[in-house]
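Understanding the architecture of this molecule
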Amino acid sequence: MKTKFRLIVLLFIALGGMAQAKKISPDLFGIFFEDINYAADGGLYAEMIQNRSFEYNPSDHYGWNAFTAWDYITKGYAYGTVSIETNQPVHKNNPHYVILNIEDAGSEGIGLRNTGFDGIVVKAGEHYNFSVFLRQLSENQIPFSIKLFDKKGKLLGESTVTTNSHDWKKYETTITATESSDSANLVLLATAKGKVAIDMVSLFPEKTFKNRQNGLRADLAQTIADLHPKFIRFPGGCLVHGDGIGNMYRWENTIGPVEQRVEQKDIWGYHQTAGLGYFEYFQFCEDIGAKPLPVLPAGVSCQNSGGTWRIGGTGQKGIPEAEMPAYIQEVLDLIEWANGPVTSTWGAKRAAAGHPDSFHLQYIGIGNEDKQTPEFRERFKQIYEAVKAKHPEITVIGTVGPAPGGEDFELGWKFARQLQVPIVDEHYYMKPEWFIANQHRYDTYDRKGPKVYVGEYASHGSTLYNALSEAAYMTSLERNGDVVQLSSYAPLLAKKGHTQWNPDLIYFSNTAVFPTVNYYVQKLFATNSGDQYIDHIIHPEKNDSLFAYSVVRETKSGDICLKFVNINNKPENVKIDISKFKGLKSTMDYTILTGKPNDQDRMESPAIVIPHTNTLKLNTASKLLIPPYSLVILRLKSSLKSKK
Ligand code: AHR
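Residues numbered from 1 in each chain as written. Predicted model: local features only at pLDDT ≥ 70, side-chain atom pairs only at ≥ 80, totals over all residues. Heavy atoms only, no water.

**Some points on the overall build of the protein**
Counting secondary structure elements, the protein contains 11 helices and 34 strands. Radius of gyration (C-alpha) of the protein: 27 Å, near the 26 Å computed for a compact globule of 644 residues. By principal-axis analysis of the C-alpha atoms, the protein measures approximately 85 × 55 × 55 Å. Looking at the protein as a whole, 59% of its 644 residues are labelled buried. (Helix = DSSP H or I, 4+ residues; strand = E, 2+ residues; numbered from the N terminus. Rg over C-alpha atoms; globule rule 2.2 N^0.38 Å. Buried < 20%, exposed > 50% of the residue type's maximum accessible area, 1.4 Å probe, protein only.)

**Let's talk about the site of the ligand**
In the neighbourhood of the ligand, the contacting residues comprise Phe32, Glu34, Gly237, Cys238, Trp268, Asn368, Glu369, Tyr429, Glu456, Pro491 and Trp501. Here an oxygen atom of the ligand and a side-chain polar atom of Glu369 are 3.0 Å apart. For the ligand, whose accessible area on its own is 280 Å², the fraction buried by protein is 94%. Its residues assigned to classes, the shell around the ligand shows six nonpolar, two polar and three charged. (Near = heavy atom within 4 Å. Polar contact = N/O pair within 3.5 Å; in protein donor to acceptor, adjacent residues only side chain to side chain. Areas by Shrake-Rupley, 256 points an atom, 1.4 Å probe, with all protein chains shown as cover. Nonpolar A, V, L, I, M, F, W, Y, C, P; charged D, E, K, R; others polar.)

**Topic: the domain arrangement of the protein**
Examined at the domain level, the protein breaks down into domain 1 (2-19 + 532-638), domain 2 (70-205) and domain 3 (238-423). A straight line from the C-alpha centre of domain 1 to that of domain 2 covers 57 Å. (Domains from an automatic or database assignment.)

**With respect to the sheet that holds strand β4 (residues 79-85)**
The strand order across the open sheet formed by five strands is β4-β5-β13-β8-β11, and the pairing between neighbours is antiparallel. Looking at the sheet topology across the chains shown, the edges are occupied by β4 and β11 (169-176). Direction aside, the axes of adjacent strands within the sheet are offset by 30 degrees on average. Pairing geometry for strand β8 (residues 127-136) and β11, over eight bridges, is antiparallel. Counterpart to Val132 in the pairing with β11 is Tyr171. (Pairing = 2+ DSSP bridges. Axes fitted to C-alpha atoms, helices over the stretch in contact; angles between N-to-C directions.)

**Overview of the packing of aromatic side chains**
According to the stated counting rule, one finds 40 aromatic pairs in the structure shown. Ring centres of Phe376 and Phe380 lie 5.6 Å apart, and the angle between their planes is 35 degrees; on these two criteria the pair is classed as tilted. Taken together, the residues span about one helical turn, with Phe376 and Phe380 both in helix α7 (residues 374-390) at a distance of four residues. Exposure class is identical for Phe376 and Phe380. Each is buried. When the ring of Tyr442 is compared with that of Tyr445, the centres are 4.7 Å apart and the planes differ by 70 degrees; the resulting orientation is edge-to-face. (Phe/Tyr/Trp six-rings, centres within 6.5 Å; stacked < 30°, edge-to-face > 60°.)

**Let's talk about helix α10 (residues 464-479)**
Over its 16 residues, α10 extends 23 Å from the first C-alpha to the last, a length consistent with the 22 Å expected when each residue adds 1.5 Å. Across the 16 residues that make up α10, a large majority, 15, are buried. (Expected span 1.5 Å × (residues − 1).)

Okay, structure coming up:
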């Protein structure tokens, strides 16, 4: 109580006695991760072996099979046979494996080669953790040499493992790279006559993000962490409701030992190993201080299932009514898994995975852009009411279609109001001019109805002009931060050569990460966000939609952040009532992101439009000239220490 009183006094002093501040959401700027554009396997998930479990198949992608990304190799006059079998797998969820029959191991051996996801990247002196599941089928033990080669066949590192069990067993070793390569391949060579079953061939860099086992690619994860998102929504997108009921993303299938997870087709035309599963998502959230925001299917598949938008597929289908109680239980189980005590059934599974503490789940999304049909409504209502009854502490986020207006949007909002859903998820991918013209969209939203999560948005492009149109719009989200609770640009990641959707926030290759200008806008807003909005501070010379601004205060630090977005080709003069703030340091941070409107940094290195920060005297802030095509942020720092 004492602390609360102190904060109120500090705020009162800081605002010079004005009562103009309104509370806004402290979680406004987050991110949206979906396994699209090879964002997970071959991307953020640090596994270097493609198709490690021999589960690729033609329904993932035309022409794929269990042996995709693998070659059968014989060296030094060795000979034998290789086949794919399914009769005695490591686990029923992981049916395919290789049988290697070595008739003659020759001088160098016989085995398999994997080229990774467009080549394996290794750095000289670094360690790589290799593991494989083997089952010795012959009487004699089978020694394997495990080697990394560059594309010209030069050896870059090696190790060995030898079978010692007739049951499936995991073997592990470490390989140290002697030289760097961005196009290496991994070879497993059996060097004695005999027969052996092989599955789950895996290679991870020792240096993953925060050195996590089964972890994330460090450079990509760090680029995401640098956004300082307040939350992470995962795992999709359309990936959540899936291409048909059988393809829905079922969270329970993605936890536990990786060799037991259920792999499946990715709706974006490739394969999900689920190696990056719910445990890893929650752990990543915790590692970077973001709240987890899992989205679960609303019991219906994607309305575009089977390619309805092209050739007439199966469309939206609902989980049969008789199976809904079990499905609802699955949703409730997630909450217990994330937050429940270690003594609970699901809390114990979380603890067994190495996380006895709660993950502090607060938000849960139900559904993604689903068509507002009776099938959807019946199922959503059942799930929503069950969560509300058992877990009133959880905030459920509903869905209102794929567009900023139209039938699904209207019906979705009507339904959400009827059910009093706390937050609904709006999506829009529009021209930059739409974002500029719609900065007053939320000014008139009903403050008593459901709140808004702008769960997916992006303007059509990655130029500075696009980024500034988004920045202008984001000042309006701050101004309306009492009704807009959360927002996230979409999609987040895209791999060079494997991009199904443009634009994206961060592009990457196997060796480099290319943040866009839009990325820097997101980062600047998230790192200069607040929990109070303050009005009547900024007075521009002329008021038009190409000049936007906002003022927020962060209670914790006491700092005040002023943002200016100038999309005009001329500078803009502004007056700032700086005298209304008291208790500030004599200097402030001045950050600017500017360039030519068509500048874009999709795949170029180094980036050409990046923010720059200087320290300026506070008294220079009362009159400012905001350069053309710029986002300018002033961070006025509090000199009053507000203790927690
Ligand atoms: O962000 C890409 C896709 O756009 C998402 O999967 C879907 O929700 C939306 O249509």
